[in-house]
Amino acid sequence: MASTPPHCSITATTKRYQNHPYPHNQLKDHRQTQNQNPHQRWTSNQRVSLAKPPLPPSSRNAPKPAAATTTTTTTQHPQIHPTFPSFQPPKSELVSDFPGRRSTRFVSKLHFGRPRTTMGTRHTSVAQEALQNVIEYGKDERALENVLLNFESRLSGSDDYVFLLRELGNRGDCKKAICCFEFAVKRERKKNEQGKLASAMISTLGRLGKVEMAKTVFEAALTEGYGNTVYAFSAIISAYGRSGYCNEAIKIFYSMKDYGLKPNLVTYNAVIDACGKGGVEFKRVLEIFDEMLRNGMQPDRITFNSLLAVCSKGGLWEAARSLSCEMVNRGIDQDIFTYNTLLDAVCKGGQLDMAFEIMSEMPAKNILPNVVTYSTMIDGYAKAGRLDDARNLFNEMKFLGISLDRVSYNTLLSIYAKLGRFEEAMDVCREMENSGIRKDVVTYNALLGGYGKQYKYDVVRKVFEEMKARHVSPNLLTYSTLIDVYSKGGLYREAMDVFREFKKAGLKADVVLYSALIDALCKNGLVESAVSLLDEMTKEGIRPNVVTYNSIIDAFGRPATTESVVDDAGQTSELQIESLSSSAVEKATKRLVADREDSRIIKIFGQLAAEKAGQAKNSGGQEMMCILGVFHKMHELEIKPNVVTFSAILNACSRCNSFEEASMLLEELRLFDNQVYGVAHGLLMGYRENVWEQAQSLFDEVKLMDSSTASAFYNALTDMLWHFGQKRGAQLVVLEGKRRQVWENVWSESCLDLHLMSSGAARAMVHAWLLNVRAIVFEGHEVPKLLSILTGWGKHSKVVGDSTLRRAVEALLMGMGAPFRSAKCNLGRLISTGSVVASWLRESGTLKVLVLHDDRTHQENLRFGQISNLQMLQL
DNA sequence: CGGCCTGACC
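Everything numeric in this text was worked out from a predicted model, so none of it was measured. (Residues numbered from 1 in each chain as written. Chains lettered and ligands numbered in written order. Predicted model: local features only at pLDDT ≥ 70, side-chain atom pairs only at ≥ 80, totals over all residues. Heavy atoms only, no water.)

S.K.: Can you walk me through the overall build of chain A in this structure?
M.R.: Counting its regular elements, chain A contains 43 helices and 4 strands. Sorting the 875 residues of chain A into buried and exposed places 53% on the buried side. Across chain A, contacts joining residues at least 24 apart in sequence account for 69% of those joining residues at least 6 apart. Of the roughly 41,900 Å² of accessible surface on chain A, 53% is carried by carbon and sulfur atoms. (Helix = DSSP H or I, 4+ residues; strand = E, 2+ residues; numbered from the N terminus. Buried < 20%, exposed > 50% of the residue type's maximum accessible area, 1.4 Å probe, protein only. Contact = heavy atoms within 4.5 Å. Areas by Shrake-Rupley, 256 points an atom, 1.4 Å probe, with all protein chains shown as cover.)

Listed below in C-alpha cells is the structure:
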C-alpha cells in the first residue's frame with residue numbers, strides 16, 4: 001500500500017503554464033531600469049553546474065566548471081583551459097585527411113539562402129565554370145559525363161569535384177550530384193580523396209533528405225574501402241538525424257569502434273543533434289555527452305546548442321538553464337541559436353516570465369532578439385493563453401522593423417485559428433501573401449484544425465481543396481487533423497475517405513494519428529476495438545503514450561454502440577508468418593498484415609457511419625476493474641499518468657454502478673499514487689478533515705496546469721462526489737476551484753455563469769451561490785433587480801446543442817422550489833427577479849434545502865464542517 | 001553539427 005511508484009505524478013503533464021497577465025511593455029521598461037545588467041545577477045545567484053540537480057543523476061560524470069582542467073581524462077588527452085581562444089583539439093591521425101571543415105559550414109549556409117561568400121572554399125575557378133556547364137548542358141547522364149570529360153584535365157583533385165556535387169545538391173539536383181560523385185570517384189586513385197568525395201556526397205544527400213541514397217553511398221564507400229573515416233560516419237549520422245532516424249544514427253555511432261574509428265567533436269555533435277531531432281530522452285543524451293567528456297573531447301557551442309535543443313523538446317527548462325550556465329562557466333560563446341533554443345525550452349516548460357527575463361537580457365550580451373526569438377516567445381505566450389502578451393510582442397517586433405517570416409505568420413495565424421477568430425485569421429493570411437509568403441502546409445493545417453474545432457465542415461472541405469489545388473501537399477498532420485475533426489463531428493464517411501487518401505499518399509501513421517482513431521472508437525464505447533488498435537500500433541513499432549491511454553481509460557463504462565468489429569480478413573497471413581522467413585516474404589507479409597489493419601480501420605469507420613443511435617450496453621463492474629489492468633500496463637511501459645489520466649479515472653468512477661465499485665477502484669489505485677487517489681478516495685469516503693490538507697497540495701499542483709486541464713479536473717472530481725451523494729464535499733471542492741479561479745468569472749451578485757462546468761460542479765455551485773444571495777438578503781443589502789444563471793445553451797455552449805447542463809440545473813432549481821425560469825430569448829439562461837428570489841430565500845424551509853450534506857460523514861469532520869460552513873457564508 | 005510554427009486525451 002505504501003509503495004508509490006515514483007513515476008506516477010500528477011504534474012507529469014506536458015502543459016504547465018503560468019497565468020499572470022500584465023502589460024508587457026511596462027514590465028520590460030520597469031525591469032530594464034531596475035537592473036542594468038540582469039545577467040550578472042543571474043549568474044551569481046544561480047550558478048548551476050551540470051552535476052547538480054535539477055538534472056537527472058546520470059550527469060554525475062559531467063565535470064564541474066572549476067575542475068575542468070583536473071579531471072582524469074586530462075592525463076590521456078592534454079587539455080588547455082577552455083577559455084584560451086587559441087585552443088585546438090588534439091589531432092588524430094585522421095585529421096590530416098581533411099584539414100578544416102569550413103566547406104561544410106559553407107554549404108549549410110548556402111542551403112539556407114544566405115549570401116554567397118567565397119571564404120573557405122578550396123575549389124578553382126575552373127570548377128565554377130564546370131558547374132555552369134553541368135547545369136546548362138548536363139541534361140542527361142551521358143551529356144553530363146561529356147561535360148565532365150571536357151573539364152577533366154583542368155579540374156584539380158577532389159576539392160573541385162566536392163564543390164561541384166555540393167553546389168548541385170544545393171540546387172536540389174541530386175541526380176547530377178550523384179553523377180559527378182561517381183565520375184570523380186572512378187577517376188580518383190587515393191583512398192583519402194575518395195573518402196572526401198564520399199563524405200561530401202553523403203552530407204549533401206542527407207541535407208536533401210535523401211537518406212536512403214546517403215546510406216547506399218555510405219555502404220558502397222565502406223565496401224570499396226574508402227568509407228572508413230570519421231567524416232563519412234559523421235556525415236551518415238547527421239543524414240539519419242535529419243530524417244528522424246535517430247536510432248539508426250545512434251547505432252552507426254556505436255558501430256564506429258568496430259571499424260577502429262574514434263568519434264571526433266563533429267561526430268558527437270551530429271549524434272547529439274540526431275537525438276534532439278528524434279526526441280531521445282535528455283537522460284540518454286547526457287550519457288553520450290558524458291562519454292564525450294570522458295574521451296577528452298571539448299564540447300563547443302554547437303554541442304551545447306544541440307543539447308539545449310534536446311531540452312526544448314521536453315520542456316526541460318531547468319536543465320536548459322543549467323546548460324546555459326555551464327556554457328558561461330566553460331567560456332563558450334553563446335549565440336542567437338543558444339538563446340533561442342534556451343528560450344524555447346523555458347517557454348515549453350511553462351516559465352514564460354523567466355523566458356521574458358532571459359530575452360530582456362539579450363541586448364546586454366550583444367545578441368539582439370530576431371524573428372525566431374519573437375516567434376518563440378509569442379508562441380509560448382499564446383499557448384499559455386496570454387494573448388495580450390503575445391500581441392504586444394508582435395507589435396514590438398513590427399515597431400523594431402523585424403519583418404515577419406513564414407513561421408511567425410503561422411504562429412500568429414494559429415492563435416486566431418484556435419480561438420475561432422477567423423476574420424483575423426484571414427487578415428493574417430492576406431498579409432502573409434501580400435508580403436510574398438505563400439500559405440504552406442503548416443498554415444493550412446492550422447486553418448483546418450481551427451475550422452474543424454468550430455464544426456465548420458464546409459469550410460474545412462473548401463480549405464482542403466484549395467490546399468491541393470495550390471499544390472501544397474498534405475502531410476501526416478493534415479491527415480490526422482482531418483480524421484480527428486471529422487470523427488469528432490460524427491462524419492465517419494468523410495473520416496474514412498481521408499484515411500484512404502492518407503494511405504494512398506504512402507505516409508506512415510504515428511502515435512497521434514492512432515490516438516485520434518482510438519479516441520473515436522472510445523467515444524463510441526468500442527473499447528475492445530480500441531484496445532485491438534492499440535495492440536496493432538504497438539506491433540507496428542509505434543509506442544503509445546499517455547494521451548493514447550487516457551482515451552482508453554475514459555472509454556470504460558461508456559455506453560457502447562454495437563461492440564466490436566469482426567476481424568475476418570487475416571487468418572491466412574498469421575499462418576504465413578510462422579512458416580516463412582526470407583526477408584522479402586517477411587516484408588510482403590508485414591504489408592499484408594498492415595493492409596488487413598487498414599481495411600479494419602476503414603471497416604470501423606464504415607460501421608460507425610452506418611450506426612444510428614446504438615443500443616446502450618453498459619458492462620458494469622468488471623469492466624471498471626479493467627482500468628486497473630490498463631494502469632498496470634502503463635506502469636510497465638513507463639508511461640506516466642498525468643492529471644488528464646486522473647480526470648478520466650474520476651469520470652469513469654462517476655459511471656460506476658455503485659459507490660462500492662467506485663471506492664474500490666480508487667482504493668486500488670492508491671497503490672500507484674497515494675496522494676492523488678488518496679485524496680479522491682478520502683473525499684468520496686467522507687474523511688474530510690484528514691484529507692483536506694492533502695487535497696490542498698493537490699490543488700496547488702493542478703494550479704500549475706493550463707486552465708482547461710485544471711477545470712476538467714475540478715469538474716471530474718465534483719461530478720464524482722456529487723454523483724455518490726457527497727454533495728457537501730463536492731461543494732467544498734467547487735468553491736476551492738472558484739477561489740483559485742479555475743473557471744473564469746463564475747459568479748457575480750447578479751449572475752452565475754456555469755458554462756464551463758460539469759453538471760455536478762454546476763449544481764454544487766448553484767447551492768453555494770444561492771446561499772450567498774441569501775446572506776446578502778439577510779444582511780439587509782439590496783439584491784440586484786434581475787438574477788440570472790447561465791448554463792451554456794447557445795453561444796456559450798462547449799458542445800453545440802447540448803442541453804445536459806441546462807436540464808440538470810433546471811431540475812435542481814425546480815426541486816428546491818427556486819423561482820428561476822428559462823429566459824424566452826435564450827434557452828440557456830435561467831432568470832428571476834431579485835425580489836422574488838429574496839422572498840423565496842426568506843421562507844423558513846429554504847435554508848434547509850440549500851445547505852448540502854454528505855451521505856457519508858465521519859465524526860472528526862464535525863468541527864471542520866462547522867468552520868467551513870461559516871467560511872462559505874462569508875463568501 | 002544549430003533555433004521558431006500546425007495534430008490526439010479530461
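S.K.: I would appreciate a short explanation of the packing of aromatic side chains in the present structure.
M.R.: Each aromatic ring pair is described using two quantities: the centre-to-centre distance and the angle formed by the ring planes. Counting across every chain of the model gives 22 aromatic pairs. Seen from their ring centres, Phe-646 and Tyr-677 are 5.0 Å apart, and the 80° between their planes marks the pair as edge-to-face. A residue pair is termed long-range when its members are at least 10 positions apart, and Phe-646 in helix 33 (residues 643-654) and Tyr-677 in helix 35 (residues 674-685) qualify at 31 residues. With a centroid separation of 5.2 Å and an interplanar angle of 80°, the aromatic rings of Phe-713 and Tyr-714 are classed as edge-to-face. Accessibility assignment for this pair places Phe-713 and Tyr-714 in one class, buried. Taken together, the ring pairs in this structure connect Phe-631, Phe-646, Phe-672, Tyr-677, Trp-692, Phe-699, Phe-713, Tyr-714 and Trp-743 into an aromatic cluster. (Phe/Tyr/Trp six-rings, centres within 6.5 Å; stacked < 30°, edge-to-face > 60°.)

S.K.: Would you mind going over helix 28 (residues 527-539) with me for this structure?
M.R.: Helical geometry note: an α-helix holds 3.6 residues per turn, so side chains three or four residues apart project in the same direction. The end-to-end C-alpha distance of helix 28 is 18 Å, a good match for the 18 Å that 13 residues give at a rise of 1.5 Å each. Those residues of helix 28 that sit buried are Val-527, Ser-529, Ala-530, Leu-533, Leu-534, Glu-536 and Met-537. Immediately downstream of helix 28, the backbone of Gly-541 shows phi near 85°, a positive value. (Expected span 1.5 Å × (residues − 1).)

S.K.: What exactly am I supposed to notice about the packing of helix 12 (residues 246-255) against helix 14 (residues 282-294) here?
M.R.: A packed helix pair is summarised by two numbers, namely the angle formed by the two axes and the spacing between the axes. Remark: helix 12 packs on helix 14, axes separated minimally by 14 Å, with the N-to-C direction vectors making an angle of 25°. What the angle tells us is that helix 12 and helix 14 run roughly parallel. Where helix 12 crosses over helix 14, the handedness of that crossing is left-handed. Residues Ile-250, Phe-253 and Tyr-254 of helix 12 lie in contact with helix 14, whose contacting residues are Arg-284, Ile-288 and Glu-291. In terms of residue class, the contact of helix 12 with helix 14 is built from 4 nonpolar, no polar and 2 charged. (Axes fitted to C-alpha atoms, helices over the stretch in contact; angles between N-to-C directions. Parallel < 35°, antiparallel > 145°, perpendicular 65-115°, else oblique. Left-handed = near helix turned anticlockwise from the far one by under 90°. Nonpolar A, V, L, I, M, F, W, Y, C, P; charged D, E, K, R; others polar.)

S.K.: In this structure, what is going on with the sheet that holds strand 3 (residues 821-822)? I would like to understand it.
M.R.: Hydrogen bonds between backbone groups are what pair the strands of a sheet, and the pairing can be parallel or antiparallel. Taken together, the 4 strands give an open sheet; going across it, the order is 1-2-4-3, and neighbouring strands pair in mixed fashion. Two strands in the sheet have a free side with no partner beyond their single neighbour: strand 1 (751-753) and strand 3. Judged from the 3 bridges that link them, strand 1 and strand 2 (residues 786-790) form a sheet pairing that is parallel. Across the sheet, residue Asp-753 finds its bridge partner in strand 2, namely Leu-790. Sitting on the sheet, helix 41 (residues 834-842) touches strand 2 and strand 4 (829-833), and the angle it makes with strand 4 is about 80°. (Pairing = 2+ DSSP bridges.)

S.K.: What am I meant to see in the packing of helix 13 (residues 265-278) against helix 14 here?
M.R.: At a minimum axis separation of 10 Å, helix 13 and helix 14 run at an interaxial angle of 175°. By the angle between their directions, the pair helix 13 and helix 14 is classed as roughly antiparallel. Along the contact surface, helix 13 presents Leu-265, Tyr-268, Asn-269, Val-271, Ile-272 and Cys-275, while helix 14 presents Val-285, Ile-288, Phe-289, Glu-291 and Met-292. Partitioning the contact of helix 13 with helix 14 into residue classes produces 9 nonpolar, 1 polar and 1 charged.

S.K.: Honestly, the environment of Asp-519 in this entry has me stumped. Any pointers?
M.R.: With respect to the secondary-structure elements, Asp-519 resides in helix 27 (residues 511-523). With 31 residues separating them along the chain, Asp-519 and Lys-488 place their C-alpha atoms 9.1 Å apart. Look past the residues within four positions of Asp-519 in its chain and what remains in contact with it is Lys-488 and Ser-551. Polar contacts involving the side chain of Asp-519 include one to the side chain of Ser-551, which spans 3.0 Å. (Polar contact = N/O pair within 3.5 Å; in protein donor to acceptor, adjacent residues only side chain to side chain.)

S.K.: Looking at this structure, how should I read the state of the cysteines?
M.R.: Throughout this description, disulfide means a covalent bond between two cysteine sulfur atoms. As enumerated under the stated definition, the model contains 0 disulfides in all. Counting only cysteine sulfurs, Cys-179 is the nearest neighbor of Cys-174, a cysteine outside any disulfide, at a range of 9.9 Å. When its relative accessible area of 9% is taken as the criterion, Cys-174 is described as buried. (Disulfide = S-S within 2.5 Å.)

S.K.: Teacher, can you tell me more about the nonpolar core here?
M.R.: The nonpolar side chains of a soluble globular protein tend to be buried, and buried together. Core analysis: the largest hydrophobic core is formed by 253 residues, its most contacted members being Phe-713, Leu-717, Leu-754, Leu-813 and Phe-820. Excluding its chain neighbours within four sequence positions, the residues that come into contact with Leu-754 are Ala-762, Met-765, Val-766, Ile-789, Leu-790, Leu-805 and Val-809. (Core = buried A, V, L, I, M, F, W, Y, C linked by side-chain atoms within 4.5 Å.)

S.K.: Would you mind going over a negative patch on the surface with me for this structure?
M.R.: Taken together, Asp-140, Glu-141, Glu-145 and Glu-182 make up a surface patch of like negative charges. With respect to the helices and strands, Glu-141 occurs in helix 6 (residues 141-152). (Patch = residues over 30% accessible without salt bridge, like charges linked within 9 Å, V, L, I, M, F, W, Y side chains within 5 Å. Salt bridge = Lys/Arg side-chain N within 4 Å of Asp/Glu carboxyl O. Lys, Arg positive; Asp, Glu negative; His and termini not counted. Charge placed at Lys NZ, Arg CZ, Asp CG, Glu CD.)

S.K.: Is there a simple way to think about helix 17 (residues 336-348) in this case?
M.R.: Counted at 1.5 Å a residue, the expected span for helix 17 with its 13 residues is 18 Å, and the 18 Å between its end C-alpha atoms agrees. Those residues of helix 17 not exposed but buried are Thr-338, Tyr-339, Asn-340, Thr-341, Leu-342, Leu-343, Asp-344, Ala-345, Val-346 and Cys-347. Each element contacted by the buried residues of helix 17 is listed here: helix 15 (301-314), helix 16 (317-330), helix 18 (352-361) and helix 19 (371-383). Following helix 17 by one or two positions, Gly-350 adopts a phi angle in the positive range, close to 85°.

S.K.: For this particular structure, what's the right way to read the pairing of strand 4?
M.R.: Successive residues of a regular strand alternate their side chains across the two faces of the sheet. Residues Leu-830 and Ser-832 of strand 4 are buried on one face, while the alternating residues Arg-829, Ile-831 and Thr-833, pointing to the opposite face, are not. Here 5 bridges tie strand 2 to strand 4, and the two strands are oriented antiparallel to one another. Residue Leu-786 lies in a different strand from strand 4, and its bridge partner there is Thr-833. Pairing of strand 3 with strand 4, which is carried by 2 bridges, proceeds in the antiparallel orientation. Bridged to Ser-822 within strand 4 is Leu-830. Hairpin connection, strand 3 to strand 4: the antiparallel pair is bridged by 6 residues.

S.K.: I'm lost on the environment of Phe-502 in this one. Help?
M.R.: Its place among the elements puts Phe-502 in helix 26 (residues 492-504). Separated by 26 residues in the primary sequence, Phe-502 and Leu-476 have C-alpha atoms spaced 7.7 Å apart.

S.K.: It is not clear to me how unusual backbone geometry should be interpreted in this structure. Could you clarify?
M.R.: Even without glycine at this site, His-471 takes up a positive phi of about 60°. On the secondary structure map, His-471 appears in the loop between helix 24 (457-469) and helix 25 (476-488). Judged by its relative accessible area of 72%, His-471 is exposed. Positive phi values are uncommon outside glycine, yet Glu-638 reaches one of about 55°. Relative to the helices and strands, Glu-638 is located in the loop between helix 32 (621-636) and helix 33. Taking the relative accessible area as the measure of exposure, Glu-638 reaches 66% and is therefore exposed.

S.K.: So what exactly am I meant to see when it comes to the pattern of salt bridges here?
M.R.: Opposite charge on two side chains allows them to pair when their charged atoms are near. Enumeration over the complete set of coordinates arrives at 35 salt bridges. For Glu-636, the salt bridge is made with Lys-633, and the minimal N-O distance between the two is 3.7 Å. A residue pair is termed a helical-turn pair when its members lie 3 or 4 positions apart in one helix, as Glu-636 and Lys-633 do in helix 32 at 3 residues. A relative accessible area of 58% means that Glu-636 is categorised as exposed. A relative accessible area of 37% places Lys-633 in the partly exposed class.

S.K.: Whenever I open this one, the pairing of strand 2 confuses me. Can you help?
M.R.: Counting buried residues along strand 2, 4 of its 5 residues qualify, which places the element largely inside the surrounding structure. You can see the chain leave strand 1, run along helix 39 (residues 759-778) and come back into strand 2, and the turn it takes is right-handed. (Right-handed = clockwise from strand over helix to strand, strands pointing away.)

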